[in-house]
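Spelled out from the first residue to the last, the chains are:
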Amino acid sequence: MVTPQECELPVTDLSALSSECEADRRSCAEATRRAATEWGVFQVVNHGIRSELLGEMRREQVKLFETPFQTKAYSGLLNNSYRRGTPTAISPAQFSWSEAVHVPLIKIPDPSCYGQFISIRGLMMELAATMSRLARMLAGVLSENLGHRGCRAFNEICHESTCFLRVNHYPLCPLPPEMFGLVPHADGDFLTILHQDQVGGLQLLKDSRWVAVKPNRDALIVNIGDLLQAWSNDEYSSVEHEVTTNGEVERYSVAYSLCPSYYSQIGSCGEPAVYRKFTFGEYLKQVQEDIKRTGRKVGLPRFRLMKRSPRGVVLNKNERPIPRHKEKEKYYAGISTELVLYEDPWKIRKKLTVSDLGHSSRLLLPGKCVETHVLQWMGKDMVERVKSRDGMEVAVWDKNTGYEHRLVFRYWASSGSYVLNGDWNKLFVKGRGLKVGEEIGIYWDTVSCKFHFKVLCHVAT
């Protein structure tokens, strides 16, 4: 096996962004743009995240992953998100020799997620908050470089239910070096912020060759994701990367992913567009289908309209584009760079009827609408439970009040519809004082596996 050449990633000193000198700020923004364009992966120092916090998090990770497998896998730890290896692998080349917990930001403050590991809660809350601010700030800098309105757009569409923190452990591997710690892939988000230890093992595909990333104790690593590449019309590059195994030293890392809501639509900001418009939910569904069918993620190439982009992008053997930079002022002159968003997630809407508010205690939902916007995002076992006699208990988060309730979601065969019942009358009709004629909206959150509920239009009293 050929050992890849070690490289030092570009390093951006973010302290210059807060400088009183405009030239320093512009120089920092330009360095960030150049790294995102030419490398797709770069490092940042003076990033505002305490080194003590990162050290404490590393120590808690060791404690967490030293726990017996049975405890990690079956105790509901951290939103029941513990995963080991690659369950979908159909060959050794598709298997990742690693374990991780993958927690949506919305769940991180919840004490019930932690069990015996409550000591990590405060660290994860602080780390998630600071990495989130950093990711949004960097996304804003990169969007401003394309003439966009900065981090405001990302604040509007990137939700706590879809952004997440992933805590990783790469155990000692006794198998041959051809085994991966994490299989080659490109990130399916806008940005990833990564803190890794000094063990090394991260490699990336640069100019069709794998290179090893030299660890930098003071830096965080920033990966451009598929969504930002698609939106930037290949100005920025989402590159394939992997983690190698190690037979002598364990490796630990923490990654934050900046992701939009499922109904946010991503469209290329340049013309002619390299990619067709797609929602984040559509992207995730395609990834799941590819993994199920082939054992690997394909990602962004599934949405490509052109084999060659208008900016001289050439494709490597995996059809992942490697941009050749041109001056952005020339290329983007006169082109709209607004993010294309679908800002209204409330796909299931209805005006409440007497039947919805009566003693039957059920909210009737149209069958076709549920099958299109809910069931297709559920796994086969969940759909079977919904269609069973007893239905499936689900969480329903009331966006108006901020409270979460438990209801039963089931299929009503005689009408071909679906209902939410159980304590619907007590918790929502009486608890919220709902009235006939009010319009409500519902959607299914595929990360936290819960319904979101909102009263969209009240009736006059």
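Above this text is the structure in question.
Attention here is on the structure that accompanies the text. Just so it is clear, the structure is predicted and the values come from calculations on it, not from any experiment. Residue positions are given per chain, counting from 1 as you read along its sequence in written order. In view of the model being predicted, local features appear only for residues whose pLDDT reaches at least 70, and side-chain atom pairs are presented and counted only at 80 or more, with totals across whole chains, interfaces and linings using the full set of residues. Heavy atoms from the whole structure form the basis of all side-chain values; hydrogens and water molecules are not counted.

Details of the packing of aromatic side chains
Logical step 1: The aromatic pairing rule takes the rings of Phe, Tyr and Trp, using the six-membered ring of Trp, and pairs them if the centres are within 6.5 Å, calling planes under 30 degrees apart stacked, those over 60 edge-to-face and the rest tilted. Within the structure shown, the criterion is met by 19 aromatic pairs.
Logical step 2: Here the aromatic rings of F69 and Y74 are separated by 6.1 Å at their centres, their planes lie at 80°, and the arrangement is edge-to-face.
Logical step 3: Given a relative accessible area of 27%, F69 falls into the partly exposed group.
Logical step 4: Here the aromatic cluster, defined as three or more aromatic residues joined through ring pairs, consists of Y262, F278, F280, Y283 and F303.
Logical step 5: A cation over an aromatic ring shows up here: R84 above the ring of F69, its NZ or CZ 3.9 Å from the ring centre.
Logical step 6: Positioned above the aromatic ring of W39, the side-chain terminus of K206 is 4.6 Å from the ring centre. The rule is simple: take the accessible area with a 1.4 Å probe, protein chains only, and divide by the maximum for that residue type; under 20% is buried, over 50% is exposed, in between is partly exposed. Definition used: whenever NZ (Lys) or CZ (Arg) falls within 6 Å of the ring centre and also within 35 degrees of the ring normal, the charge is taken to sit over that ring.

Comments concerning the environment of R302
Logical step 1: In this description a helix means any DSSP run of H or I spanning at least four residues, a strand means any run of E spanning at least two, and both kinds are numbered starting from the N terminus. In this structure, R302 sits in the loop between helix 8 (280-294) and strand 16 (314-315).
Logical step 2: For the pair formed by R302 and Y283, sequence separation is 19 residues and the distance between their alpha carbons is 8.8 Å.
Logical step 3: When sequence neighbours within four positions are dropped, the list of residues in contact with R302 reads Q286, D290 and R293. Any pair of residues with heavy atoms lying within 4.5 Å of one another is described as a contacting pair.

Quick word on the sheet that holds strand 13 (residues 251-258)
Logical step 1: For two strands to pair, DSSP has to find at least two bridges joining them. Judged by pairing direction, the sheet is mixed, and its eight strands sit side by side in the order 2-3-11-8-13-6-5-4 without closing on themselves. Unpaired on one side and paired on the other, strand 2 (11-13) and strand 4 (83-84) mark the two borders of the sheet.
Logical step 2: Pairing of strand 3 (residues 41-45) with strand 11 (residues 220-224) involves four bridges; the strand directions are antiparallel. Pairing of V44 across the sheet is with L220, part of strand 11.
Logical step 3: Note on geometry: axes are C-alpha line fits, over the in-contact stretch for helices, and angles between N-to-C directions span 0 to 180 degrees. Across the sheet, helix 2 (residues 51-66) is in contact with strand 5 (99-104), strand 6 (164-170), strand 8 (191-196), strand 11 and strand 13; its angle to strand 13 comes to roughly 110°.

Things to note about the sheet that holds strand 7 (residues 180-185)
Logical step 1: With mixed pairing, the five strands of this open sheet are ordered in space as 1-10-9-12-7. Both edges of this open sheet fall to strand 1 (5-7) and strand 7, since each of them pairs with a single strand only. Looking at each pair of strands side by side, their axes are set apart by 35° on average, direction ignored.
Logical step 2: Where strand 9 (residues 202-206) and strand 12 (residues 241-244) come together, three bridges link them in antiparallel fashion. Bridge pairing in strand 12 places Q203 opposite E242.

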